[in-house]
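Chains, contacts and geometry: an overview
Below are the chains, spelled out letter by letter.
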Amino acid sequence: MKFSLVEFSIARPKWVLAAAALLTLLFLTQFPKIRTDTNPKHMLPETSDVRVWNDKVDKTFALYEDTIVVGVENPSGVLNVDTLGRIARITDAVLGLEGVASRDVNGFTTITNVTAEDGTLKVGPLMAAAPKTQDEVEALRKALFGNSLFVDRVISKDGKTTAIYVPLERGANGAEIADRIRAIVAKEKGPERYYVAGDPVARDTFGAEMFKLMALFSPIAGMIMFAAIQLMFRNLALSAAMMGVSMVAIIWSIGLLIGAGFPVHIMSSMAPVFLMAIATDSIHIFNEFYFRYREGGDKLAAIRQTMAAVSRPVRFTALATAAGFAVLLFMNIVPVQVFGGLIAFGTVVLRLLSFSFIPAVLTFVNEDKLRKTAGGEDVAADPVARLLGGIGAHGARHPGLVVAIAVAAILVSVWGTSKIHVNNNLVAWFKPGSEIRVADDAINQALGGTSLGYLVIDGKADDFIKRPETMRWLEGLQRELEKLPVVGKTFSVADYVKRINRVLHDDDPKFDVVPDTQDGIGQYLFLFSMSAKPADLNNVVDPAFRQANLWVQMKTWDADAMRQVIAAKDGYQKAHPLPVKAEPAGIAWFNLVWNDEVLGDLVLGFSLALVVVLVILAIDFRSLKWALIAYVPLLLTILMIYGVVGFVGKDFDMPLSVMSTLSLGMAVDFAIHFVSRFRQRRAEVGADGTANGRLASNMETVAESLAWTAARPGKGIMRNALLFAAAFSVMMAAPLTPYMAVGAFIVSMMLISALLTLWLLPALVMLGRRFLIEEK
């Protein structure tokens, strides 16, 4: 005899539930091993060119991966005795924090100042101690504004803002150190405002908030879904079954992720909400079960009939969803690959439970309660079913009008889509008005900027950087870059050379230039290296003077800012040829590469998903024509959402690009259910127009069959869409914009796709019925 999982589950429901509970406990044993990772650098493999190159640059120039910027603002100016005393105390306290690379912290009390006395070069801290008198304050003011190295770096042009640059030891948590710095500045009383910004602060704060939100939103989404299911079916056993299926799938999937040794990343943290939403496809089983039980009154027979009717569409919707997520395995961004595999596995688990766990639970449903609640599931009497049937009937009666509206929507959406701007900005992932955004904006406005990139100049010969023409070329490149609105400050070894030349000539401004000889430059740098902190010179030139590192501070974390820097560099290099190789590096360069990888992955993933889902549809329907027709509502939905994104000016970032690929696998479920059940209905009519099976009428037209499909299976589609949307609606209340965007994207996609399936598909079927079916 052929084994049937459904029959086995009906015959031995307790065994099925016990086996599910045992396996769930086994997966739960992996949870204590959980690890998290929120470092965006890990978005790309360790072997990726950009990570290998950045690591090499960090080692060559003794650079730090992460730096926190502490801004201090006084509307009356920071150059006064009280404020400077507070800055000195804050700096001393920061130097004592664990995880801070104290030797290379740069602020008023620690940054290197180059001066001369009696023709002798002097290198020491700018402010060895906080000034006690106004004369000392004025001396500090003169030292600051008389040195171009400091302006826009540690002092704003208006003198109202200063910054302390706090590099972190490898592995230090930026969010935790930022919290300690905030505690330090909170102890100071005065008119000053303090800001804590920088990539590690945004990154690690985002990671901490991400897990808090998922810990909060997952149970809220579960409660909303439970309440919605209970409202729809008014049966605690069915509501508990739906939530039980989703919880089992979540535990199995996360347990497998942890057990396989993968950390939980930004994308993986959203898995519980996704799996709860995907579990709502089981709503079609409950929807049909109520109809079948009302018609027959036999619970076990209703279970068997239901599973027979919906088994094929449920199987293929699972296959389409799993395939949509599995496409992510072919992308370049590592956490996205892991997320794709995780949800694909969870989807398979959900469908396995749909044919075992759910039939088993249905056998325990109290028939008296079932009889009462199922009585309202009548297409003719149910107002919701009548409304949905009316939507389908309208599409079938006015196919030309409906399709014309759809074509107009396509044209407008294409226009909006052309305005989309692909961009990733980690700081912009926080809401406007958030502490992270406010701090970043304030420092970017007053000083050089919190986003840091490098240009590595390779002369391919020892001492090439010491040549006067190389130094002047570097200086010219800096001036060219500083013309860009996104660039706030540049810094290179040429600045040190010019400063030394000036102070050794009685601080005469006309000597604020590069010396004419290589020997002179070499002597200056040698004298400087004897007294300065090692990092001062190591950060800007390699030991052999073959390479120089030009620092570029930018006023935005937009990936496109580094693209502008590279374009300006290329233009300058073309206009001023020099036998050097200039390559970008740093976190800003990583963000640009990552941004372009996102765009490439978007195109690749979306293309693969288009093909894979179309093939699945063609296999399910055994017809390419039906597959193409079923695809239209989904593609129009996505195109409309893209159009809105373009029109409102929302950056198309990594979360949205991933959602666009996943949407093909998720929203196509509605079309599969609609077309499969419609074709089942037509098959029941009989090829000769007579009744064949359950149908009592032999005169049902194609339009009437479409209206029936929109009313009865369509109610399941709408229930599915509402539950899916409800699960993701909680994310729209998040303080992080990626979660808000994902929530809005999925909610819109589900509701619009469901409505278009019930309205546009009937119109398309009617227009193409001569090629699709034989009209009865």
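Residues numbered from 1 in each chain as written. Predicted model: local features only at pLDDT ≥ 70, side-chain atom pairs only at ≥ 80, totals over all residues. Heavy atoms only, no water.

1. Observations regarding the nonpolar core
Threshold: The term nonpolar core refers to a set of buried residues drawn from Ala, Val, Leu, Ile, Met, Phe, Trp, Tyr and Cys, joined through side-chain atoms within 4.5 Å. Partly exposed residues are those whose accessible area sits between 20% and 50% of the maximum for their type, while under 20% is buried and over 50% is exposed, using a 1.4 Å probe and protein chains only. Numbering of helices and strands starts at the N terminus; helices are DSSP runs of H or I of at least 4 residues and strands are runs of E of at least 2. In this entry, domain limits derive from an automatic or database-based domain assignment. Note on contacts: a residue pair is in contact if any heavy atoms of the two residues lie within 4.5 Å.
Counting residues in hydrophobic clusters, the biggest one holds 169 residues, and the most contacted among them are F728 and M731. Counting residues per element, this core draws most heavily on helix α28 (residues 737–767), which supplies 16 residues. Looking at which domains feed residues into this core, each of domain 1 (1–33 + 234–258 + 275–377) and domain 2 (64–197) gives three or more. Excluding anything up to four places from it in sequence, F728 contacts V273, F274, A277, V742, G743, I746 and V747. Counting 85 residues, the second largest nonpolar core, distinct from the first, contains L79, V154, A442 and V486.

2. Some thoughts on a nonpolar patch on the surface
The criterion, for reference: Think of a patch as exposed residues, more than 30% relative accessible area, with no salt bridge, where like charges cluster within 9 Å and nonpolar side chains (Val, Leu, Ile, Met, Phe, Trp, Tyr) cluster within 5 Å. For every accessible area listed, the method is Shrake-Rupley and the probe measures 1.4 Å; residues are considered covered only by the protein chains on display. Between Lys or Arg on one side and Asp or Glu on the other, a salt bridge is scored when a side-chain nitrogen of the former is within 4 Å of a carboxyl oxygen of the latter.
A cluster of nonpolar side chains, namely V412, W415, V644, F647 and V648, defines an oily patch on the protein surface of about 510 Å² accessible area. Broken down by secondary-structure element, the contributors of at least two residues to the nonpolar patch are α16 (399–417) and α24 (624–648). Among the elements that make up the nonpolar patch, the one with the highest residue count is α24 (three residues). With respect to the secondary-structure elements, V412 resides in helix α16.

3. Topic: the sheet that holds strand β4 (residues 161–167)
Test applied: Pairing between two strands requires that DSSP report at least two bridges joining them. The angle between two axes is taken between their N-to-C directions and runs from 0 to 180 degrees, where each axis is a line fitted to C-alpha atoms and a helix contributes only its stretch in contact.
Sheet architecture is open: three strands sit in the order β4-β1-β5, paired in antiparallel fashion. Both edges of this open sheet fall to β4 and β5 (193–197), since each of them pairs with a single strand only. Across the sheet, the mean angle from the axis of one strand to that of its neighbour is 20°, orientation sign disregarded. Strand direction decides the pairing type here: strand β1 (residues 67–73) and β4, joined by seven bridges, are antiparallel. When the bridges of β4 are listed, I68 appears paired with V166. Its contacts with the sheet put helix α6 (residues 174–186) on β1 and β5, and the angle it makes with β1 is roughly 25°. Packing of helix α17 (residues 435–446) onto the sheet brings it into contact with β1, β4 and β5, and relative to β5 it is tilted by some 100°.

4. Some words on the environment of P399
Among the secondary structure elements, P399 is positioned in helix α16. Each C-alpha atom of the pair P399 and I254 lies 46 Å from the other, and the pair is 145 residues apart in sequence. If sequence neighbours within four positions are ignored, P399 has contacts with A763, M766 and L767.

5. A short note on the domain arrangement of the chain
When its domains are assigned, the chain resolves into domain 1 (1–33 + 234–258 + 275–377) and domain 2 (64–197). The distance between the C-alpha centroids of domain 1 and domain 2 comes to 59 Å.

6. Structural notes on the side chain of H673
Summarising the element assignment, H673 is placed in helix α25 (residues 654–685). Assessed through its relative accessible area of 2%, H673 is described here as buried.

7. Overview of the pairing of strand β6 (residues 451–458)
The buried count for β6 comes to eight of eight residues, which makes it a mostly enclosed element. Of the strand pairs in this sheet, β6 and strand β8 (residues 547–554) are connected by eight bridges, and their pairing is antiparallel. Residue L452 lies in a different strand from β8, and its bridge partner there is Q553.

8. Digging into the pattern of salt bridges
The full count for this structure, using the stated rule, is 33 salt bridges. As a salt-bridge pair, D199 and R203 come within 3.4 Å of each other at their nearest N and O atoms. Of the two residues, D199 and R203 both sit in helix α7 (residues 199–233), four residues apart, roughly one turn of that helix. With a relative accessible area of 7%, D199 lands in the buried category.

9. Looking at the confidence of the model for the chain
Using the following cut-off: Within a predicted model, pLDDT stands for the predictor's per-residue confidence, ranging from 0 to 100.
Here the chain averages 87 in pLDDT, while 94% of its residues score no lower than 70. Every residue in residues 687–697 scores below 50 in pLDDT, and together they form 22 contacts with partners more than four places removed in sequence or on other chains.

10. Here's the deal with helix α8 (residues 236–259)
Applicable threshold: Helix span, expected: 1.5 Å multiplied by one less than the number of residues in the helix.
An ideal rise of 1.5 Å per residue puts 34 Å on 24 residues; α8 measures up with 33 Å between its terminal C-alpha atoms. With 18 of its 24 residues buried, α8 lies for the most part within the structure. Directly beyond the C-terminal end of α8, a positive phi value near 90° is found at G261.

11. Notes on the environment of I111
Tracing the chain through its elements places I111 in the loop between α4 (81–95) and β2 (112–117). Separated by 347 residues in the primary sequence, I111 and D458 have C-alpha atoms spaced 27 Å apart. Setting aside anything within four residues of it in sequence, one finds I111 in contact with N106, G124, P125, L126, F150, R153 and V154.

12. Focus on the packing of aromatic side chains
Where we set the bar: Classification of ring pairs rests on two measures: the distance between centres of Phe, Tyr or Trp rings, Trp counted by its six-membered ring, which must be within 6.5 Å, and the angle between planes, read as stacked under 30 degrees, edge-to-face over 60 and tilted in between. Look at NZ for Lys and CZ for Arg. If either is within 6 Å of the ring centre and within 35 degrees of the ring normal, a charge sits over the ring.
In the structure shown here, the tally under the stated rule is 21 aromatic pairs. Between the aromatic rings of F274 and F339, the centroid separation amounts to 5.3 Å while the plane-to-plane angle is 80°, which identifies the pairing as edge-to-face. With F274 in helix α9 (residues 271–278) and F339 in helix α12 (residues 334–354), the pair connects residues that are 65 residues apart, well separated along the chain. One aromatic cluster is present, built from ring pairs that chain together F206, W429, F430, F590, W594 and Y739. Looking at R12, its charged tip hangs above the ring of W15, at a distance of 5.4 Å from the centre. The lysine or arginine in question, K466, covers the ring of F545, its NZ or CZ lying 4.4 Å from the ring centre.

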